[in-house]
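# Architecture at a glance
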Amino acid sequence: MVRSVLFSRFTDKFFAGFKNRSCLAEFRQFTSTTFPELAEFGNISSHEDLHKFSIQRPDKFWSVLARSRLKWETDFHTPMDCDFRTGKFNWFLGGKLNISVNCVDRWAEVDPERIALVWEKDEQGEVENVSYSQLQDMVGRIANTLKQAGVGVGDVVALYMPISPVAVASMLATARIGAVHTVVFAGFSAEALAARVEDSGAKVLITADESVRGGRRTPLKRTVDTALEKCETVKTVLVMRRTGAEIKMKPNRDEWLDECMLRSSPICAPKSMNSEDPLFLLYTSGSTGKPKGVSHSSAGYLLYAMVTMKHAFDYKQGELFGCVADIGWITGHSYVVYGPLANGGTSLLFESTPVYPDPGRYWEMVERLKINHFYGAPTALRLLIGYGDEYVTKYDRSSIRKLGSVGEPLNQEAWHWFHSVVGEKRCDIVDTWWQTETGGVAISPRPSAPNAPLSPGKPQRPMFGMNPVLLDEKGEEVQGLGVSGSLCLATPWPGIARTLHGDHQRFVQTYFSAYPGYYFTGDGAFRDEKGDYQITGRMDDVINVTGHRLGTAEVEDVLTEHDNVAEAAVVGYPHEVKGEGVYAYVILKQGVNLDEENIRNELKLLVKSKISGFAIPEFILFTPGLPKTRSGKIMRRILRKIAANQMDDLGDISTLAEPEIVETIIQKHQKK
Ligand code: WT7
């Protein structure tokens, strides 16, 4: 009672003057179906008002949702205690809960047969459904297996496995016993895996014999064996049987996961965890060579993932949510696993590629499984456009209600193709902008809002609780419409990352120091005449290749490991399908007379073995020098322009130590 009185006094003042009654009725209907718990705050009269309220009073907004949407063992006493200046984020203090209970048990109790996961295997047409009660059984058995292996509260478990129900259950099993998972994308090389496992200090690693993708098998266990030669922390390796391939098992370290699960009880009491206990680490690239272990919390993260999943996509229980991302990325965490399951939904696990066995794979699957929400990456759409529309139109897509996109700008051509060809102009396009660090969708058209027009190529509107601002070089907020700046977020939200594993200093430095008092996203953005946001691209040395985030410094570090390389500078350039391609400028050591083509191939192999296939440079240009300032700083701006063939727009090069080098590079670039 007291709560509602206080609240309406606030909203009265805040929203005084709202006149449009017909919109009010529509809005009331909207809130009562999508935010029933907010209905008591009757004075909020439009979706915009609700958004304003969520950023004016984040404590109120999020605590109402936290209480109604999460299952707590102990209620929280302090909704939020956050400070952008020190990088301190605490939500729902005093509260206790278990994430696996929220994602599995509470649905298994009310509706055990409800399908939680639909596993679309690589082989076309082979599907496995997993109900909430079956998932509960798997989670319990894996949780007990982990306990047997000595995993306790706060210990890290690394996952290097293909998307599958066992992988999802492994993530949830870790959460069940209060441990922390770190999923390493199963396309990363042994070295990249080793670096992440080592940094995380994982004790146990879960993998599979092989993965299957696009009809090809990849020997995951073999990669794990190589990786573990270098790191000592892992004492137990649990191996899921995916293909049944013959593999080597190391005595006293490796065990078959299915055998352990059979031996274990399905009953495992959930550990009662604090809201702020870490749920997972996820490594992502930054502007230095060393990947960052982004750490997410339990309650705040889960709430943000589930609320955004429901309201960005207007998800209704019973629908099949088809996010085709891999669990190795944040999209897989938030919109394949945690968001859908916390909402009691049904989630697709897609193991294959968009072009296997042919470029109709997505749409054939949509028809067969009757997918209601399709959430994919622009790079895949651009690839498919090239194969022609028949691959789409020959399948029935009438089940789809919303089409989502994530990871990079959805260019005009891809937007219109998605909208007209795939969606028959019937489905809303949900272009979602967010980051590993935001935990969930931050800016998106939010079609669940009534009267929300779509604007192609723009993520448009902030989600609830999100307060985007544009800042200029002086750190002042740029006001008004038709303006650009550094995209920052000015109000804390529950899904924000809490720290970088083992390096809180770097966390503060990376996100909160450029613009004190704000979270800096690293992206630039434009606010158009209507107030909609458009992302203009990264402002740091991070590039986006086929939707994968890559630090140019990571690639440079690898290239300079080669015996013949003196120096390297890597930039991104616009690529029709990949979004950005990798372009490397390399200076060879004095006196190297080897065949350039040989070195080029060696460098490509080196990048593949140290990072992953997607990081391989498209172009490697050997040059005698690089454009540097007199103080020795490489002017990447110039290298980016050359790579993009914008030679007539190089700007002022007179401050360079040796301006002539630019002409040499241009000539070599044109001859390549
Ligand atoms: C970076 C974050 C969020 C899950 C996948 C990527 C770029 C992401 C969009 C979009 C334009 C986008 C940004 C961002 N990005 N979504 N809809 N439009 N750019 O997560 O690996 O953490 O990368 O991806 O540059 O900062 P991530």
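Residues numbered from 1 in each chain as written. Predicted model: local features only at pLDDT ≥ 70, side-chain atom pairs only at ≥ 80, totals over all residues. Heavy atoms only, no water.

In this model helix α6 (residues 132-148) runs 24 Å from its N-terminal to its C-terminal C-alpha over 17 residues, within 8% of the 24 Å that 1.5 Å per residue would give. Turning to α6, its buried residues are Tyr132, Leu135, Met138, Val139, Gly140, Arg141, Ile142, Ala143, Asn144, Thr145 and Leu146. Backbone geometry just after α6 places Gly150 at a positive phi near 90°. (Helix = DSSP H or I, 4+ residues; strand = E, 2+ residues; numbered from the N terminus. Expected span 1.5 Å × (residues − 1). Buried < 20%, exposed > 50% of the residue type's maximum accessible area, 1.4 Å probe, protein only.)

Time to look at the environment of Ser612. Among the structural elements, Ser612 can be located in the loop between α19 (596-610) and β30 (619-622). C-alpha of Ser612 to C-alpha of Glu191: the two residues are 421 residues apart in sequence and 9.5 Å apart in space.

Turning our eyes to something else, we now look at the packing of helix α20 (residues 636-643) against helix α21 (residues 660-671). Following both chains from N to C, one finds α20 and α21 inclined at 25°, their axes separated by 10 Å at the closest point. Relative to α21, α20 is oriented roughly parallel. In this structure, α20 crosses over α21, and the sense of that crossing is right-handed. Residues Ile638, Leu639, Ile642 and Ala643 of α20 lie in contact with α21, whose contacting residues are Val662, Ile665, Ile666 and His669. Residues of the contact of α20 with α21, tallied by class, amount to seven nonpolar, one polar and no charged. (Axes fitted to C-alpha atoms, helices over the stretch in contact; angles between N-to-C directions. Parallel < 35°, antiparallel > 145°, perpendicular 65-115°, else oblique. Left-handed = near helix turned anticlockwise from the far one by under 90°. Contact = heavy atoms within 4.5 Å. Nonpolar A, V, L, I, M, F, W, Y, C, P; charged D, E, K, R; others polar.)

The domain architecture assigned to the chain consists of domain 1 (7-88), domain 2 (132-274) and domain 3 (542-671). Between domain 2 and domain 3, the C-alpha centre-to-centre distance is 37 Å. On the side of domain 3, seven residues touch domain 2, which itself brings seven residues to the contact. For the domain 2 and domain 3 pair, buried surface summed over both sides reaches about 470 Å², with 49% attributable to carbon and sulfur atoms. The largest share of the area that domain 2 buries against domain 3 comes from Phe188, Ser189 and Glu191, three residues that together contribute 65% of it. Scanning the region where domain 2 abuts domain 3 turns up one salt bridge. For Lys610, the salt bridge goes to Glu191, with nearest N and O atoms at 3.1 Å. Joining domain 2 to domain 3, the criterion identifies five residue pairs in polar contact (both at pLDDT 80 or more). Looking at the side of domain 2 that touches domain 3 residue by residue, the class counts come to three nonpolar, two polar and two charged. (Domains from an automatic or database assignment. Buried area = accessible area lost by both parts, 1.4 Å probe. Salt bridge = Lys/Arg side-chain N within 4 Å of Asp/Glu carboxyl O. Polar contact = N/O pair within 3.5 Å; in protein donor to acceptor, adjacent residues only side chain to side chain.)

Another point: the packing of aromatic side chains. Evaluated as defined, the whole model comprises 41 aromatic pairs. Ring geometry for Phe61 versus Trp62: centroids 4.9 Å apart, planes at 90°, classification edge-to-face. Side by side, Phe61 and Trp62 carry an identical accessibility label, which is buried. Ring pairing ties together the aromatic residues Phe84, Phe89, Trp493, Phe507, Tyr511, Phe512 and Tyr519, which thus form one cluster. (Phe/Tyr/Trp six-rings, centres within 6.5 Å; stacked < 30°, edge-to-face > 60°.)

What follows deals with the confidence of the model for the chain. Taken over all residues, the pLDDT of the chain has a mean of 92, while the share at 70 or more is 93%. Ignoring residues within four places in sequence, the model shows residues 1-24, a span with pLDDT below 50, making 31 contacts including any to other chains. (pLDDT = per-residue confidence, 0-100.)

On to the sheet that holds strand β5 (residues 127-131). With mixed pairing, the seven strands of this open sheet are ordered in space as β5-β4-β17-β16-β18-β19-β20. In the strand order of this sheet, the two ends are held by β5 and β20 (428-432), each with one partner. For this sheet, the mean angle separating the axes of adjacent strands, direction not counted, is 20°. Relative to strand β17 (residues 346-350), strand β16 (residues 320-323) runs parallel, the two being bridged by two bridges. Directly across from Phe321, in β17, lies its bridge partner Ser347. Taken strand by strand, helix α11 (residues 299-313) contacts β16, β18 (373-376), β19 (402-406) and β20, and its axis lies near 145° from that of β20. The strands that helix α16 (residues 412-422) touches are β18, β19 and β20; relative to β19, the one it contacts most, it runs at about 160°. (Pairing = 2+ DSSP bridges.)

Considering only enclosed or pocket space, the second largest pocket measures out at about 380 Å³ in volume. Looking at the second largest pocket, it is lined by 20 residues, and the ones nearest its centre are Glu191, Ala192, Ala195, Arg196 and Pro291. Contributions of two or more residues to the lining of the second largest pocket are made by α8 (190-200) and α18 (552-559). For the lining of the second largest pocket, the element with the highest residue contribution is α8, accounting for seven residues. A class-by-class count of the residues in the lining of the second largest pocket yields nine nonpolar, one polar and 10 charged. Split by domain, the residues of the lining of the second largest pocket number at least three in each of domain 2 (132-274) and domain 3 (542-671). (1 Å grid on protein atoms, 1.4 Å probe; cavity = no way out; pocket = protein on both sides within 12 Å on 5 of 7 lines; lining within 4 Å. Points joined across faces, edges and corners; volume = space filled by probe spheres on them.)

Before going further, it helps to spend a moment on helix α3 (residues 47-56). Burial within α3 is extensive, with seven of its 10 residues counted as buried. Along α3, the residues classified as buried are His47, Asp49, Leu50, His51, Phe53, Ser54 and Ile55.

Contact geometry of helix α7 (residues 165-176) with helix α12 (residues 330-342) gives a least axis separation of 12 Å together with a crossing angle of 65°. In the crossing of α7 with α12, the sense of the turn from one axis to the other is right-handed. Contact with α7, carried on its side by Val168, Met171 and Leu172, involves His333, Val337, Tyr338 and Leu341 of α12 and no other residues of that element. Along the lines of polarity and charge, the residues of the contact of α7 with α12 split into six nonpolar, one polar and no charged.

Bringing the site of the ligand into the picture now. Near the ligand lie 17 residues; those nearest to it are Asp431, Thr432, Thr436, Arg538 and Arg549. Interatomic distance of 2.6 Å between a side-chain N/O atom of Arg549 and an oxygen atom of the ligand. Notes on the ligand: free accessible area 560 Å², of which the protein chains cover 94%. Broken down by secondary-structure element, the contributors of at least two residues to the shell around the ligand are α12, β20 and β25 (533-538). Partitioned by chemical class, the residues of the shell around the ligand number six nonpolar, six polar and five charged. (Near = heavy atom within 4 Å. Areas by Shrake-Rupley, 256 points an atom, 1.4 Å probe, with all protein chains shown as cover.)

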